[in-house]
Amino acid sequence: MTARPPFTWIVLGSGSILPRAGHGPAGNALAPTDAERVTLFDCGPGTLRSLGAAGFGAHAIERVVVSHFHPDHCLDLFALAFARRNPSGPACGDLELVGPRGLAALLERGAATFGTRSWTRFERTSVVEVEPGERLERGALELRCAPTRHTPEALAWRAELGGCSVTFSGDSGEVEELAALAAGTDLFACECSFPDDRAVEHHLTPSGAARIARAADVGALLLTHFYPELEPEDARRVAARTFSGRIELAHDLSRHVPAPRPSAERRAARP
Ligand SMILES: [Zn+2]
Ligand SMILES: [Zn+2]
């Protein structure tokens, strides 16, 4: 069966805040196959620029889902507010911003930093702050979140659309909550910041990401958020020692589709 996947996961930034060719700060777009507007997952600096390279304008953003408030994951929110007010661009429709508690205050402080008459204040925008474990339904799209212990507010997100799912770790410690959120997901976009021998607390390594992918029995593991000291191919090689399923590597503008998982019966029948 080769049904069209219900969405494509487009990586807009696959690195950290440190400059690195091909790996900019965190940003991703969930692009439904049968709709024109996308949902962003994180919006670090350079996300809008990458979005243009991927073929979408600011008006094509329906929603931004934020994992946490580190600048490499949210700084382009203010660029987006500015872009939406630009009179020369296509008119922007309503926008929804979803994130942890504190999102509204962050937006307010940021806009104030640029001045009270600043164009970095959002218009036609609803801000939704969620608690860990909360579930949101937006038409055919369902969103769930879980805490990752990276920062007090940090959340991982799972999206379901058209019978397929993607889970995005944001930044994360190696925590059970992330494995539980990702359980059985078709595509698991997981941060993989540092090599195993240079692990940093509250971030993941290739082996850590692979352990979560294995525990969650995901369809495919997509490694992302590479710091400069981690070569993506090395990350794949190390992760493959622990996770035997498909492993994909993110680079800026790479596209990924949810992998149909083997049915439970077929997996049970394996030797
Ligand atoms: Zn972070
Ligand atoms: Zn980060």
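Above this note sits the structure.
In what follows, the accompanying structure is described. Here the residue numbers are simple positions, counted from 1 along each chain's written sequence. All chains are assigned letters beginning with A, and all ligands numbers beginning with 1, in the order in which they are written. Only residues with pLDDT of 70 or above have their local features reported here, since the model is predicted, and side-chain atom pairs are shown and tallied only from 80 upward, although totals for entire chains, interfaces and linings are computed over all residues. No hydrogens and no water enter the side-chain calculation; it runs on all heavy atoms of the structure.

**Things to note about the packing of aromatic side chains**
(1) Moving on: Stacked, tilted and edge-to-face are the three classes applied to pairs of Phe, Tyr and Trp rings, where Trp contributes its six-membered ring and a pair requires centres within 6.5 Å; stacked means planes under 30 degrees apart, edge-to-face means over 60, and tilted covers the rest. Considering all chains together, one arrives at 6 aromatic pairs under this definition.
(2) Moving on: For the ring pair Trp9 and Phe41, a centre distance of 5.3 Å and an interplane angle of 45 degrees mean the geometry is tilted. Of this pair, Trp9 sits in strand 1 (residues 7–13) while Phe41 is found in strand 3 (residues 38–43), placing the two residues 32 residues apart along the sequence. Here the two residues Trp9 and Phe41 agree in accessibility, since each one is buried.
(3) Moving on: Relative to Phe114, the ring of Phe78 lies with its centre 6.2 Å away and its plane at 45 degrees, an arrangement referred to as tilted. Here Phe78, found in helix 3 (residues 76–84), pairs with Phe114, found in the loop between helix 4 (103–113) and strand 6 (125–130); they are 36 residues apart in sequence, far enough to count as distant.
(4) Moving on: Think of it in three bands: residues with accessible area under 20% of the maximum for their type are buried, residues over 50% are exposed, and the middle band is partly exposed, with areas taken using a 1.4 Å probe on protein chains only. Look at Phe78 and you get buried, because its relative accessible area is 9%.
(5) Moving on: Look at Phe114 and you get exposed, because its relative accessible area is 54%.
(6) Moving on: A connected cluster of aromatic rings, assembled from ring pairs, spans Trp9, Phe41 and Phe168. A run of H or I in DSSP becomes a helix once it reaches four residues, and a run of E becomes a strand once it reaches two; helices and strands are each numbered from the N terminus.

**Details of the coordination of the zinc ion (ligand 2)**
(1) Moving on: Protein coordination at the zinc ion (ligand 2) comes from Asp72 (OD), His73 (NE2), Asp171 (OD) and His225 (NE2), with a distance range of 2.1 to 2.4 Å.
(2) Moving on: In this structure, the zinc ion (ligand 2) is surrounded by 4 donor atoms whose angles at the metal cover 87 to 155 degrees, and the resulting shape is irregular.
(3) Moving on: Listed donor atoms are N, O and S within 2.8 Å of the metal (Na, K and Ca: 3.2 Å). As water is not included, a site may look incomplete. One chain supplies every donor for the zinc ion (ligand 2), spaced along it as D-H-x97-D-x53-H.
(4) Moving on: Taken as a pair, the zinc ion (ligand 2) and the zinc ion (ligand 1) lie 3.5 Å from each other and share Asp171 as a ligand. Of the two residues, Asp171 is situated in the loop between strand 10 (164–168) and helix 5 (176–182) and His225 in the loop between strand 12 (220–224) and helix 7 (232–239); the sequence distance between them amounts to 54 residues.
(5) Moving on: For His225, a relative accessible area of 3% puts it in the buried group. Each label reflects the angles at the metal, where four donors whose angles all fall between 85 and 135 degrees are tetrahedral, four or six donors whose opposite pairs open beyond 155 degrees and whose other angles stay between 65 and 115 are square planar or octahedral respectively, and the rest are irregular.

**A short note on helix 4**
Quick reminder: α-helices carry 3.6 residues per turn. Residues three or four places apart thus point the same way.
(1) Moving on: For helix 4, the complete set of buried residues consists of Leu103, Leu106, Leu107, Gly110 and Ala111. Along the long axis of helix 4, the arc covered by the buried residues comes to 125 degrees, so they all point the same way.
(2) Moving on: We call two residues in contact when some of their heavy atoms are within 4.5 Å. The secondary structure elements touched by the buried residues of helix 4 are helix 2 (71–74), helix 3, strand 5 (95–100) and strand 6.
(3) Moving on: The positive-phi residue at the C-terminal boundary of helix 4 is Gly115, with phi of around 115 degrees. Relevant arc is that of directions from the helix axis to the C-beta atoms, nothing else.

**Notes on the coordination of the zinc ion (ligand 1)**
(1) Moving on: Those donors, His68 (NE2), His70 (ND1), His150 (NE2) and Asp171 (OD), are the protein atoms that reach the zinc ion (ligand 1), and they lie 2.1 to 2.3 Å from it.
(2) Moving on: For the zinc ion (ligand 1), the 4 donor atoms in the first shell make angles of 92 to 167 degrees at the metal, a pattern classed as irregular.
(3) Moving on: Here the donor residues of the zinc ion (ligand 1) share one chain and are spaced in sequence as H-x1-H-x79-H-x20-D.

**A look at the sheet that holds strand 1**
(1) Moving on: Read across the sheet, 7 strands follow the order 6-5-4-3-2-1-14 without closing on themselves; strand pairing throughout is mixed. Each end of this open sheet is capped by a strand with a single partner; those strands are strand 6 and strand 14 (255–256).
(2) Moving on: Summarising the sheet, strand 3 and strand 4 (residues 61–65) pair through 4 bridges and their orientation is parallel. Directly across from Thr39, in strand 4, lies its bridge partner Arg63.
(3) Moving on: Lying over the sheet, helix 4 contacts strand 5 and strand 6, oriented at roughly 135 degrees with respect to strand 6. Two strands are said to pair when DSSP picks up at least two bridges between them. With axes taken as lines fitted to C-alpha atoms, and helix axes fitted only over the stretch in contact, angles between N-to-C directions fall between 0 and 180 degrees.

**Considerations on the pairing of strand 3**
Along any regular strand, the residues point their side chains to alternate faces of the sheet.
(1) Moving on: The element strand 3 is largely enclosed, with a buried count of 6 among its 6 residues.
(2) Moving on: The pairing of strand 2 (residues 27–32) with strand 3 spans 4 bridges and is classified as antiparallel. When the bridges of strand 3 are listed, Leu30 appears paired with Thr39.
(3) Moving on: As consecutive antiparallel partners, strand 2 and strand 3 are separated by 5 residues.
(4) Moving on: On the question of chirality, the crossover connecting strand 3 to the parallel strand 4 by way of helix 1 (residues 47–53) is right-handed. A right-handed crossover is one whose linking path, passing over the helix from the first strand to the second, runs clockwise when the strands point away from the viewer.

**Focus on the pairing of strand 1**
(1) Moving on: Within strand 1, 7 of the 7 residues are buried, which leaves it mostly tucked inside the rest of the structure.
(2) Moving on: Inspection of the sheet shows strand 1 paired to strand 2 by 6 bridges, in the antiparallel sense. Following the sheet pairing, Thr8 is matched in strand 2 by Ala31.
(3) Moving on: With 2 bridges connecting them, strand 1 and strand 14 associate as antiparallel partners. Residue pairing in the sheet places Trp9 in a bridge with His256 of strand 14.

Purely geometric stuff here, so don't read any function into it on its own.
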